[in-house]
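Chain residues, written in single-letter form:
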Amino acid sequence: GGDGAPPPPEGLPELDAGTSHSWIYPLNLPMRTYQHSIVSEALTKNTLVCLPTGLGKTFIAAVVMYNFRRWFPDGLVLFMAPTKPLVAQQIEACRALVGMSYGDSAELTGKMPKAEREKVWQQAHTFFLTPQTAQNDIELGICPVRRVVCVVIDEAHRATGNYAYCGVVKAVNAATAGRFRCLALSATPGKDVKTLQAIVENVLVAHIEFRDEDSADVMTYTHHKEIQVVSVPICPRLAQMTLRLEKVISDVLKRLTSRRVFFEVNPQRTSAVVLQKAAQKFEGEANLAEHANRPLTNEERGAIRADFGCAMGLMHGYVLLTKHGPKCAFGYFCEIDQSLRTPGAESTKQSIARRVALESRKEFSQLVSSLEQIVNDPDAPLFPKLGALETVVRGHFDSHARAHAQPSAPAQLPWIRPSPNSNESALPAATPPAPKERTTCVIIFTTYRDSVFEITQHLQMLADDRIRAAHFIGQGGGKAGRGQTQRVQQETVERFRKGEFNVLVCTCIGEEGLDIGAVDLIVCYDAVQAPTRLVQRFGRTGRHRAGRCVVLVNEGADAESHEKVFAENT
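Residues numbered from 1 in each chain as written. Predicted model: local features only at pLDDT ≥ 70, side-chain atom pairs only at ≥ 80, totals over all residues. Heavy atoms only, no water.

A few words now on the overall build of the protein chain. Of the regular secondary structure elements, the protein chain holds 18 helices and 17 strands. Buried residues in the protein chain amount to 49% of all 570 residues. Intrachain contacts of the protein chain at a sequence separation of at least 6 include 73% that bridge at least 24 residues. Here the protein chain displays about 27,700 Å² of accessible surface, and carbon together with sulfur accounts for 53% of that area. (Helix = DSSP H or I, 4+ residues; strand = E, 2+ residues; numbered from the N terminus. Buried < 20%, exposed > 50% of the residue type's maximum accessible area, 1.4 Å probe, protein only. Contact = heavy atoms within 4.5 Å. Areas by Shrake-Rupley, 256 points an atom, 1.4 Å probe, with all protein chains shown as cover.)

Okay, here's the thing in structure tokens:
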């Protein structure tokens, strides 16, 4: 240790006496006082950094990591991010920012063989990985967890409940007797005080550094965001199908209300999340539940559980139909309709089909038939929200073209005439150099992959060569096995950054952290209820210049719900 400092417990890295009296702040980027101030605090305290997107949280982390690497030559530094594309991006960013060597820093993934990961743990000192990989390797015993001196947690708002961030911090704290530094980063730390307190406790935060876009020391580096909500009317044909589905759902909800385990029969006034909470409450009180002044039988409890599952499944389909359109909903409801006739069908869908058949078989079959007709009808009107999206995107490129159109050459004076005493011939007028064209990019967020594919396909089929769309989704295979590999994800982001694509249609994987360059327009195809996710989506624009965010909502309950969420969190 340093002068007079007690030696560390056996097996823990020693503090280097020669470097521990100073810390280094790189000046290869313009100095920002708020970054310097936050770094100085984060070096000495477990710190939660709440900083708007695009204001340099990665730079702060890189400087802290660099100094702990100096101070503890035998120590290990962990940088954890929730997705593999973000991990890959952050290791390259940190290497560029503070000159981390390739030999001393490493990216670890769960796809690497265990023996290879074990070898890397012994060779490098700074590791970039997902929390799941870190937790797995700690449990396997191949991560030398006692040597960890610094842990950086990106997108720290995830550090709640049983998420792997919490397990890693707990394991490192136990192994090192608390002798390590934790740095947590998030643009959206929590929707309320209770959530923020949980994060503080889970990652051992002792100090919070908070800035918003109006903070005096960051205002110079922020850009204006225009936020617009577009209310989309529901077409009559879709309204009829929605009413039919609401009748099917209401029949199930009435059975739950008759058992006094739920108290809403209108699907417009509930959600799958509300149903899930009611189901969890029922499970906690199942042994006390009564009907007609007697305890429920096992058969009755099983029927209630099945109806809760059925209602939640139908509410998922309700969201697909109303927010994403007939094409997304048809595949889901068709699987339910055919599940009892298909060997090996998913048991959850079979259960939904059985509960629906108790009272609503006819209405449900008519719904599936109506969806099939509209999906297979080439002359069917475009889903209104998809039409509204097209209008917004086309309008954006029209506005950009007008704003950055090059002035036409003057109609007069096509020649420069020589002076009377000159022997020069008439010369063509010098053409001023054309200004470099500024490109513009758009990101469209939607929750479900089927919706991503439908939107991307629709934009690609437009007779508009200004719009070059691509999709960006997670690695996990869905029912069609159409996830993207990490290599494809990285290529997609890089091609978008270079301008080969200028419209990126993505799921939630695009919400957090990825540096995808200057994005001028964000379109939220569905209005998410979680304020954290909404802020993350909006944070993709306004990073390098002013940006615009458009949220598409259906007229009626959807618009009212979004307005309420937005008002409560702004």
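If you walk across this open sheet you meet the seven strands as β3-β4-β2-β5-β6-β1-β7, and the pairing is parallel. Where the open sheet ends on each side, the last strands, each with one partner, are β3 (105-107) and β7 (207-210). The sheet shows a mean angle of 15 degrees between the axes of neighbouring strands, taken without regard to direction. Note: β3 against strand β4 (residues 126-129), three bridges, orientation parallel. Bridged to Glu-107 within β4 is Phe-128. The sheet contacts of helix α3 (residues 84-98) involve β2 (76-80), β3 and β4, and relative to β3 the element is tilted by about 165 degrees. (Pairing = 2+ DSSP bridges. Axes fitted to C-alpha atoms, helices over the stretch in contact; angles between N-to-C directions.)

Attention shifts here to the packing of helix α4 (residues 114-123) against helix α5 (residues 131-140). Two quantities define a packed helix pair, namely the angle between the axes and the distance from one axis to the other. α5 packs onto α4 with a crossing angle of 90 degrees between their chain directions and a minimal axis gap of 12 Å. Considering their axes alone, α4 and α5 lie roughly perpendicular with respect to each other. Taking contact as the criterion, the partners of Lys-114, Arg-117 and Trp-121 in α4 are, on α5, Thr-133, Asn-136, Asp-137 and Leu-140. Taken together, the residues of the contact of α4 with α5 sort by class into two nonpolar, two polar and three charged. (Parallel < 35°, antiparallel > 145°, perpendicular 65-115°, else oblique. Nonpolar A, V, L, I, M, F, W, Y, C, P; charged D, E, K, R; others polar.)

Let us now look at the sheet that holds strand β16 (residues 521-524). Ordered by their spatial adjacency, six strands build an open sheet running β8-β17-β16-β13-β15-β14, and the pairing between neighbours is parallel. Only two strands of the sheet have a single neighbouring strand rather than two, namely β8 (225-232) and β14 (469-472). In this sheet, neighbouring strand axes are inclined to one another by 20 degrees on average, regardless of whether the strands run parallel or antiparallel. Sheet analysis places strand β13 (residues 442-445) next to strand β15 (residues 503-506), joined by four bridges and oriented parallel. By the bridge assignment, Ile-443 is partnered in β15 with Leu-504.

Bringing α3 into the picture now. Between the first and last C-alpha of α3 there are 22 Å, a value that for 15 residues agrees with the 21 Å anticipated at 1.5 Å per step. Buried residues dominate α3, accounting for eleven of its 15 residues. Within α3 the residues assigned to the buried category are Pro-85, Leu-86, Val-87, Ala-88, Gln-89, Gln-90, Ile-91, Cys-94, Arg-95, Leu-97 and Val-98. For α3, the elements touching its buried residues are α2 (57-71), β2, β3, β4 and α16 (486-498). Just beyond α3, the residue with positive phi is Gly-99, at close to 70 degrees. (Expected span 1.5 Å × (residues − 1).)

Locating Leu-86 in the fold gives a position in helix α3. Overall, the relative accessible area of 0% leaves Leu-86 in the buried class. For the pair Leu-86 and Gly-510, spaced 424 residues apart in sequence, the C-alpha to C-alpha distance is 9.5 Å.

The phi torsion of most residues other than glycine is negative, and most of the peptide bonds are trans. A positive phi angle, near 55 degrees, is found at Glu-155, a position not held by glycine. Mapped onto the elements of the fold, Glu-155 is located in the loop between β5 (148-153) and α6 (164-176). A relative accessible area of 5% places Glu-155 in the buried class. Here Ala-177, not a glycine, exhibits a phi torsion of approximately 55 degrees, which is positive. One can find Ala-177 in the loop between α6 and β6 (181-186). Overall, Ala-177 belongs to the exposed group, its relative accessible area being 65%.

Turning next to the nonpolar core. Core analysis: the largest hydrophobic core is formed by 64 residues, its most contacted members being Phe-308, Leu-314, Phe-333 and Ile-444. With nine residues, helix α10 (residues 298-324) is the largest single contributor of residues to this core. Contacts of Ile-444, omitting those with residues within four sequence positions, involve Leu-389, Val-393, Ile-455, Leu-459, Val-503, Leu-504, Val-505, Cys-506, Val-523 and Tyr-525. With 37 residues, the next largest nonpolar core counts Leu-48, Ile-138, Val-151 and Val-205 among its residues. (Core = buried A, V, L, I, M, F, W, Y, C linked by side-chain atoms within 4.5 Å.)

Residue placement: Cys-94 occurs in helix α3. On the basis of relative accessibility, which here comes to 0%, the residue Cys-94 falls in the buried class. Through-space distance from the C-alpha of Cys-94 to that of Met-65 is 9.2 Å; in sequence the pair is 29 residues apart. Those residues within four positions of Cys-94 in sequence are excluded, and the remaining contacts are Thr-58, Ala-62, Gly-99, Met-100 and Phe-128.

The next thing to look at is the side chain of His-125. If you trace the backbone, His-125 turns up in the loop between α4 and β4. There is a polar contact of 3.3 Å between the side chain of His-125 and the side chain of Arg-69. Discounting chain neighbours no more than four positions away, the residues touching His-125 are Arg-69, Pro-73, Asp-74, Gly-75, Leu-76, Val-77, Asp-104 and Arg-147. (Polar contact = N/O pair within 3.5 Å; in protein donor to acceptor, adjacent residues only side chain to side chain.)

Another point: the packing of aromatic side chains. Here the structure, examined in full by the defined rule, presents twelve aromatic pairs. A ring pair is formed by Phe-262 and Phe-308, whose centres lie 6.5 Å apart and whose planes are at 90 degrees; its orientation type is edge-to-face. Taken as a pair, Phe-262 in the loop between α8 (236-258) and α9 (272-285) and Phe-308 in helix α10 lie far apart in primary sequence, 46 residues in all. There is no split in this pair, since Phe-262 and Phe-308 are both buried. According to the relative accessible area criterion, Phe-308 is buried, its value standing at 2%. (Phe/Tyr/Trp six-rings, centres within 6.5 Å; stacked < 30°, edge-to-face > 60°.)

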